[in-house]
Amino acid sequence: MPAQVTGDLERSPDSRRRIGDLLVSHGLLTGDQLAAALVAQDESDPAHRHRLGQIVVEKGYLTEHQLAQALADLLGLELADLAGRDLELGFVRMLPRQVAERNRMLVIGRSGPDGHAIKVAAADPTNVVALDDVRLYTGATALVVVVCTESQIREHLARAWSLVDNEAELALVADDDTATSDDAELATLADQAPTVRL
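This section reports on the structure supplied with the text. (Residues numbered from 1 in each chain as written. Predicted model: local features only at pLDDT ≥ 70, side-chain atom pairs only at ≥ 80, totals over all residues. Heavy atoms only, no water.)

## Regarding the pairing of strand 2 (residues 105-111)
Heads up, the condition is: Burial classes: relative accessible area under 20% of the type maximum marks a residue as buried, over 50% as exposed, and values in between as partly exposed (1.4 Å probe, protein chains only). Strands are runs of DSSP state E lasting at least 2 residues, helices are runs of H or I lasting at least 4, and numbering of each runs from the N terminus. Criterion used throughout: strands pair if DSSP finds at least two bridges between them.
With 6 of 7 residues buried, strand 2 lies mostly within the body of the structure. As paired elements, strand 2 and strand 3 (residues 117-122) share 6 bridges and run antiparallel to each other. Paired with Ser111 across the two strands is Ala117, which belongs to strand 3. Connecting strand 2 to the next strand, strand 3, in antiparallel fashion are 5 residues, including Gly112 with a positive phi near 90°.

Structure (structure tokens):
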């Protein structure tokens, strides 16, 4: 069962080391690979700083799935596989698209006996600021966080928001058709109106 997150997760400087140490202890990374990833992280642009997990995947040391499994193990969270799963658009759209994409999080449902907790799939469940954003936009007081790969989150967000874009385009086309028929109707009526000569 997924753990409830109450906002006590803190992103301390040691947390990246802990994640790295976990990857090494599971035999997923060597000490040298961890050191190289930490150096790359420290050398990255502070404005666009990458998380250690992202760097490890970019360098090809781990797959996304291996990283997600390690994060789930470290934090005692469930690993969610969203491949081929249809999600309710109402849940996915609870977060604005930009917020969901920036934070790499996806609302996937409700949880708990009373259904008041929001269930969130996260590529980085240690991102406390992102979890606070989810609470802010959804109004949830409790979150149930599950770990998911970033690519699955991106895929579901793209699918959910492309449907919205398609609906908006269809509405615009329908409005254009209505406006065109209204214009033609007005022109016909103008031609049929009686002419008054003075």
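Okay, back to it.
## Quick look at the pattern of salt bridges
Threshold: Within this document, salt bridges are pairs made up of a side-chain nitrogen of Lys or Arg and a carboxyl oxygen of Asp or Glu, the two lying within 4 Å of each other.
In the structure shown here, the tally under the stated rule is 8 salt bridges. The residue Glu155 makes a salt bridge to Arg159 at a minimum N-O spacing of 2.8 Å. With Glu155 and Arg159 both in helix 8 (residues 150-192) and 4 residues apart, the pair spans about one turn of that helix. According to the relative accessible area criterion, Glu155 is partly exposed, its value standing at 41%. According to the relative accessible area criterion, Arg159 is partly exposed, its value standing at 35%. A cluster of three or more residues bridged by salt bridges with shared partners is formed by Arg51, Arg104, Asp124, Glu150 and Arg154.

## So, the nonpolar core
Test applied: Residues belong to a common nonpolar core when they are buried Ala, Val, Leu, Ile, Met, Phe, Trp, Tyr or Cys residues joined through side-chain atoms within 4.5 Å. Residue contacts follow a heavy-atom distance rule, with two residues in contact if any of their heavy atoms lie within 4.5 Å.
Counting 47 residues, the largest nonpolar core has Leu106 and Leu143 as its most contacted members. With 5 residues, helix 4 (residues 64-75) is the largest single contributor of residues to this core. Sequence-distant contacts of Leu106, that is, excluding residues within four places in its chain, are made with Leu82, Leu87, Val92, Lys119, Val120, Ala121, Ile153, His156 and Leu157.

## Let's talk about helix 2 (residues 31-43)
What sets the pattern is the α-helix's 3.6 residues per turn: residues three or four places apart point alike. Put simply, the rule is: Here the expected span of a helix is defined as 1.5 Å times the quantity of residues minus one. Read the arc as the range of directions from the helix axis to the C-beta atoms.
The terminal C-alpha atoms of helix 2, which comprises 13 residues, lie 18 Å apart, in line with the 18 Å expected from a rise of 1.5 Å per residue. Three or more residues of helix 2 are buried, namely Leu34, Ala37, Leu38 and Gln41. Projected down its long axis, helix 2 carries its buried residues within an arc of 100°, all on one side. Exposed side chains of helix 2 directed beyond 90 degrees from the buried face belong to Asp32 and Glu43.

## Examining the layout of surface pockets
What counts, and what does not: Residues are said to line a cavity or pocket when one of their atoms sits within 4 Å of a point; the points come from a 1 Å grid over protein atoms alone, cavities being sets where a 1.4 Å probe fits but cannot get out and pockets being open sets with protein on both sides within 12 Å along at least five of seven lines. Grid points are joined across faces, edges and corners, and a volume is the space filled by probe spheres set on the points. Think of it as three bins: nonpolar holds Ala, Val, Leu, Ile, Met, Phe, Trp, Tyr, Cys and Pro, charged holds Asp, Glu, Lys and Arg, and polar takes everything else, Gly as well.
As a volume, the largest pocket reaches approximately 280 Å³. Taken together, 20 residues make up the lining of the largest pocket; nearest its centre are Gly53, Gln54, Leu67, Arg104 and Ala123. Elements with a contribution of two residues or more to the lining of the largest pocket: helix 1 (13-25), helix 3 (52-58) and helix 4. The dominant element in the lining of the largest pocket, judged by the number of residues it contributes, is helix 3, at 5 residues. Grouping the constituent residues of the lining of the largest pocket by class yields 8 nonpolar, 4 polar and 8 charged.

## Examining the side chain of Glu150
Under the convention used in this document: Any pair of N or O atoms that falls within 3.5 Å is considered a polar contact. Within protein, one atom must be able to donate a hydrogen and the other to accept it, and sequence-neighbouring residues count only if both atoms are side-chain atoms.
Structurally, the position occupied by Glu150 is in helix 8. Engagement of the side chain of Glu150 in a polar contact is seen with the side chain of Arg104, the distance being 3.1 Å. For Glu150, the residues in contact, after removing those within four places along its chain, are Gln54, Glu64, Arg104 and Ala123.

## Focus on the side chain of Ser44
Here Ser44 lies in the loop between helix 2 and helix 3. Separated by 2.7 Å, the side chain of Ser44 and the backbone oxygen of Gln41 make a polar contact.

## A short note on unusual backbone geometry
Even without being glycine, Arg104 reaches a positive phi, approximately 55°. Mapping Arg104 onto the fold places it in the loop between helix 6 (97-103) and strand 2.

## Regarding helix 7 (residues 128-138)
When helix 7 is considered as a whole, its buried residues turn out to be Val128, Ala130, Leu131, Asp133, Val134, Arg135 and Thr138. One side-chain oxygen of the residue at the start of helix 7 lies 3.4 Å from the amide nitrogen of Val129, identifying that residue as Asn127. Phi for Gly139, located one or two positions after helix 7, is positive at around 75°.

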